[in-house]
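Residue-level structure breakdown
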There are 2 protein chains.
Amino acid sequence: MKVLIVGAAGMIGRKLAERIAADGGLGGQPVEQLVMVDVVEPKAPGGKIADIVCKAIDVSASGATEPLIAERPDVVFHLAAIVSGEAEADFEKGYRINLGGTRDLFDAIRHEHGRSGYKPRVVFASSIAVFGAPFDARVPEDFALTPLTSYGTQKAIGELLLADYTRRGFFDGVGLRLPTICVRPGAPNKAASGFFSNILREPMSGKEAVLPVADTVRHYFASPRAAVGFFLHAATMDTSAIGPRRNLNMPGLSATVGDELDALRTVAGDAALSLVKQVPDETIIRIVDGWAPDIEAKRARDLGFTVEDSFEEIVRAHIEDELGGSVRAPA
Amino acid sequence: MKVLIVGAAGMIGRKLAERIAADGGLGGQPVEQLVMVDVVEPKAPGGKIADIVCKAIDVSASGATEPLIAERPDVVFHLAAIVSGEAEADFEKGYRINLGGTRDLFDAIRHEHGRSGYKPRVVFASSIAVFGAPFDARVPEDFALTPLTSYGTQKAIGELLLADYTRRGFFDGVGLRLPTICVRPGAPNKAASGFFSNILREPMSGKEAVLPVADTVRHYFASPRAAVGFFLHAATMDTSAIGPRRNLNMPGLSATVGDELDALRTVAGDAALSLVKQVPDETIIRIVDGWAPDIEAKRARDLGFTVEDSFEEIVRAHIEDELGGSVRAPA
Ligand SMILES: NC(=O)c1ccc[n+]([C@@H]2O[C@H](COP(=O)([O-])OP(=O)(O)OC[C@H]3O[C@@H](n4cnc5c(N)ncnc54)[C@H](O)[C@@H]3O)[C@@H](O)[C@H]2O)c1
Ligand SMILES: NC(=O)c1ccc[n+]([C@@H]2O[C@H](COP(=O)([O-])OP(=O)(O)OC[C@H]3O[C@@H](n4cnc5c(N)ncnc54)[C@H](O)[C@@H]3O)[C@@H](O)[C@H]2O)c1
């Protein structure tokens, strides 16, 4: 089996590659070759796959994905994207990469399908940003696509293409509407959603973190580990059970910032909790107000996708996966 | 005021142009220039506008719409599209015209906006084909975009672009999800929906028509006259009341084929009714089965869009607009 990951230097892409390399296979089938592609050259993980190819490729460059698809990978994971803030700041870049890059990749597959009947499984990283307020406390399963950002618009268009290309038989696509991934490892970034992770990750490493919203704010989460699980399941599941609606709300944990802080106290103690400083930020308050507090994901759960049940579980996954199993006590 | 109609040789585009030319204005403002564009050269209607320009232009050709937008029309009606059957038969043509043409037109406006702050009203002809089964007997207002055709996919993508370009301030867009337009004038065509019009139009001209489905089939309709009304209202309404969801389910009449036949009998008599021949067609039965029987359009009704209340009204509009006021009795 050959596997291609596009966006393999990113947070989720890297973890997905690590997991596949560690397992040496996908859904019980051995993976002979893993191709990792990103605009930044990805690093090959250790593990059981001898043939790992890493390439620096800009998916939005003309013809860039055709040679990757000419290798006829059995599974294509498409995670390359610029994120919400950058797509909002640079309109043309967002459309070029998030829409143009996705369409080029899908068309490369369609062309190869036309030549040889090639029909891979394609797993596309979409986002709950396809939903925008106003909505009820819980976004229902079949809610309208009402993005309030260019990023969400580009993801929604990717979903529509995925569904149509799948219906046409060019490939076998599954779109995953990912919850906000938390705890995001690495340095704090400027994404408006960054604080959801910062207020857990930083105190667990003995550092201060800023909380810009009230602790009553409710949102929808999954851990990086759960996200990797979504991709693996989507790559190997029986897609005939999905039906024509190929884009699925992933299960998530609906929780408040207060729930996060409770989990932090339970796992890392009051000293860690005291490192979280409340500094209200009107801009972030307003942005976060447009985000879904909860999303129905019965279809995905029935199809076998699973996620954490509590923030404590999410925090413990972070400690195991990122901190070698233990929290650094603040001085 | 300058008005541009793209797709002006089509059924609705032509009627819209005729109506604007007859009125000599739009929303009480005089129209000094009307530009009519289509891949087939449109014919200028008579009326009160001295300056009517007709051009044969393929909107999907590179750079085709830039010169039209350089004229800075105040209102842009975008109706150019290839229809469902053709977009399904020719994948690349459908994407090139229905998606590529729309995006090029929107980008031409965006570029002119960037140069000069130009910000026209844009009215986009979408379709209830953005909704695909399964759904309840009545598609709710905020139902998911779940097209089951490439045409519906292309319209849904056009809607998403319209909403994002409007949110960004490039133009002031309104997308109209048109019901099936009935009675469609002209010769019978091969659209799967054609029979809905054929079974009224042909008998009223003394000709036979084939009914390929059961008379219990329910669907969602508006007359060509109502459709023109939608476009005029969308061009002149106060858009600040719409909010961020710029694509609106147009009001329609939910009615059965039986309701159509009853209206035909009432208006044209039993002799006309006897010209309708039941010849079941499994392919058409299956296609029509995926179409919405009814659609909630409270938002559009609240915003002032109106439609017929009965099929008799729809039939009488056809007789007035197409048959000079009277039905030709069958021999
Ligand atoms: N992390 C989240 O909370 C979250 C939530 C919803 C959806 N998603 C989506 O999941 C996917 C992965 O998320 P992530 O958190 O790993 O993001 P990330 O930013 O860490 O990774 C995205 C990767 O795409 C790469 N990329 C950007 N432009 C590219 C181009 N032109 N060509 C090739 N590669 C390019 C980037 O270099 C980066 O490595 C993305 O598509 C993202 O939009 C993430
Ligand atoms: N009639 C309906 O029942 C209905 C229902 C829903 C939506 N719509 C939409 O409303 C719009 C008008 O519908 P209509 O019934 O008048 O359709 P129509 O087919 O009569 O008119 C469409 C026009 O677009 C023109 N066109 C096609 N490709 C073009 C190109 N590349 N460049 C320029 N012009 C091009 C055609 O020549 C045609 O004159 C269309 O966008 C259609 O998809 C119609």
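Residues numbered from 1 in each chain as written. Chains lettered and ligands numbered in written order. Predicted model: local features only at pLDDT ≥ 70, side-chain atom pairs only at ≥ 80, totals over all residues. Heavy atoms only, no water.

**Notes on the site of ligand 2**
Residues and elements named next belong to chain B. Lining the immediate surroundings of ligand 2 are 26 residues, of which Ile-12, Asp-38, Asp-58, Tyr-151 and Arg-184 lie closest. One nitrogen or oxygen atom from the side chain of Tyr-151 is found 2.6 Å from an oxygen atom belonging to ligand 2. At 2.7 Å, a side-chain N or O of Arg-184 approaches an oxygen atom of ligand 2. (Near = heavy atom within 4 Å. Polar contact = N/O pair within 3.5 Å; in protein donor to acceptor, adjacent residues only side chain to side chain.)

**Some thoughts on the site of ligand 1**
All names here are of chain A. Near ligand 1 you find 26 residues, and of these Asp-38, Asp-58, Tyr-151, Lys-155 and Arg-184 are the closest. Within the backbone of Val-39, an N or O atom sits 3.2 Å from a nitrogen atom of ligand 1. Backbone polar atom of Ala-81 to an oxygen atom of ligand 1: 3.4 Å apart, as the coordinates give it. Taken by itself ligand 1 offers 820 Å² of open surface, and the protein chains cover 87% of this. Of all the secondary structure elements, the ones that give two or more residues to the shell around ligand 1 are helix 1 (11–23), strand 7 (121–127), helix 5 (150–167) and strand 9 (180–181). Per-element accounting of the shell around ligand 1 gives the leading share, 3 residues, to strand 7. Here the residues of the shell around ligand 1 are counted per class, giving 17 nonpolar, 5 polar and 4 charged. (Areas by Shrake-Rupley, 256 points an atom, 1.4 Å probe, with all protein chains shown as cover. Helix = DSSP H or I, 4+ residues; strand = E, 2+ residues; numbered from the N terminus. Nonpolar A, V, L, I, M, F, W, Y, C, P; charged D, E, K, R; others polar.)

**As for the relation of the copies chain A and chain B**
At an RMSD of 0.0 Å, chain A and chain B line up after a rotation of 180° and a shift of 0.0 Å along the axis. Considering both components of the superposition, the chain copies are consistent with a two-fold axis. Identified as the residue of chain A closest to the rotation axis by C-alpha distance is A:Ala144, at 1.9 Å. Here 100% of the interface residues in chain A have copies in chain B that are interface residues too; the copies meet face to matching face. (Least-squares fit on C-alpha atoms with pLDDT ≥ 70 in both. Contact = heavy atoms within 4.5 Å.)

**Quick notes on the environment of A:Cys54**
All names here are of chain A. Its place among the elements puts Cys-54 in strand 5 (residues 51–56). Placed 12 residues apart in sequence, Cys-54 and Pro-42 show a C-alpha to C-alpha distance of 5.8 Å. For Cys-54, the contacting residues outside a window of four places in its chain are Met-36, Glu-41, Pro-42, Lys-43 and Ala-44.

**Side note on the sheet that holds strand 9 (residues 180–181) of chain B**
Residues and elements named next belong to chain B. An order of 9-11-13 is seen for the 3 strands of this open sheet, with the pairing classed as mixed. The outermost strands of the open sheet, each flanked by one partner alone, are strand 9 and strand 13 (253–256). Sheet analysis places strand 9 next to strand 11 (residues 218–222), joined by 2 bridges and oriented parallel. What sits directly across from Ile-181, in strand 11, is Ala-222. (Pairing = 2+ DSSP bridges.)

**Digging into helix 1 (residues 11–23) of chain B**
All names here are of chain B. Look at helix 1: 19 Å from first C-alpha to last across 13 residues, which is about the 18 Å you get at 1.5 Å a residue. Within helix 1 the residues assigned to the buried category are Met-11, Ile-12, Gly-13, Lys-15, Leu-16, Ala-17, Ile-20 and Ala-21. Immediately beyond the C-terminal end of helix 1, within one or two residues, lies Gly-24, with a positive phi of roughly 70°. (Expected span 1.5 Å × (residues − 1). Buried < 20%, exposed > 50% of the residue type's maximum accessible area, 1.4 Å probe, protein only.)

**Some thoughts on the UniProt feature "domain: NAD-dependent epimerase/dehydratase" (unreviewed entry) in chain A**
UniProt feature "domain: NAD-dependent epimerase/dehydratase" (unreviewed entry): in the numbering of this structure it lies at residues 3–208 of chain A. For residues 3–208 of chain A, the end-to-end C-alpha separation is 40 Å, with 38% helix and 19% strand making up the annotated structure. (UniProt positions renumbered as here; feature names shortened; annotations may be inferred.)

**Description of the sheet that holds strand 12 (residues 247–249) of chain B**
Residue and element names in this part refer to chain B. Within the open sheet, the 7 strands sit side by side as 5-4-1-6-7-8-12. Their pairing is parallel. Pairing within the sheet leaves two strands with one partner each, and these edge strands are strand 5 (51–56) and strand 12. Along the sheet, successive strands turn relative to each other by an average axial angle of 15°, direction set aside. In this sheet, strand 4 (residues 33–38) lies alongside strand 1 (residues 2–6) in parallel orientation, the contact comprising 5 bridges. Paired with Ile-5 across the bridge in strand 4 is Met-36. On top of the sheet, helix 1 reaches strand 1, strand 4, strand 5, strand 6 (75–78) and strand 8 (172–178); it is set at about 160° to strand 1, its chief contact. Across the face of the sheet, helix 4 (residues 91–116) comes into contact with strand 1, strand 6 and strand 7 (121–127) while running at roughly 170° to strand 6. (Axes fitted to C-alpha atoms, helices over the stretch in contact; angles between N-to-C directions.)

**Comments concerning the side chain of B:Arg245**
For B:Arg245, the location among the structural elements is in the loop between helix 7 (224–236) and strand 12. In this structure the side chain of B:Arg245 is engaged in a polar contact, spanning 2.9 Å, whose partner is the backbone oxygen of A:Gly132. If we skip the residues at most four places from it in the chain, B:Arg245 touches A:Gly132, A:Ala133, A:Pro134, A:Phe143, A:Thr146, B:Asp142 and B:Arg299.

**Considering the pattern of salt bridges**
In total, this model carries 49 salt bridges over all chains according to the counting rule given. The partner of A:Arg201 in a salt bridge is A:Glu202, and the shortest N-O contact between them spans 2.8 Å. Between B:Lys15 and B:Glu322 there is a salt bridge, with the nearest N and O atoms lying 2.3 Å from each other. Taken as a pair, B:Lys15 in helix 1 and B:Glu322 in helix 11 (residues 311–322) lie far apart in primary sequence, 307 residues in all. Looking at B:Lys15, the relative accessible area reads 17%, which means it is buried. (Salt bridge = Lys/Arg side-chain N within 4 Å of Asp/Glu carboxyl O.)

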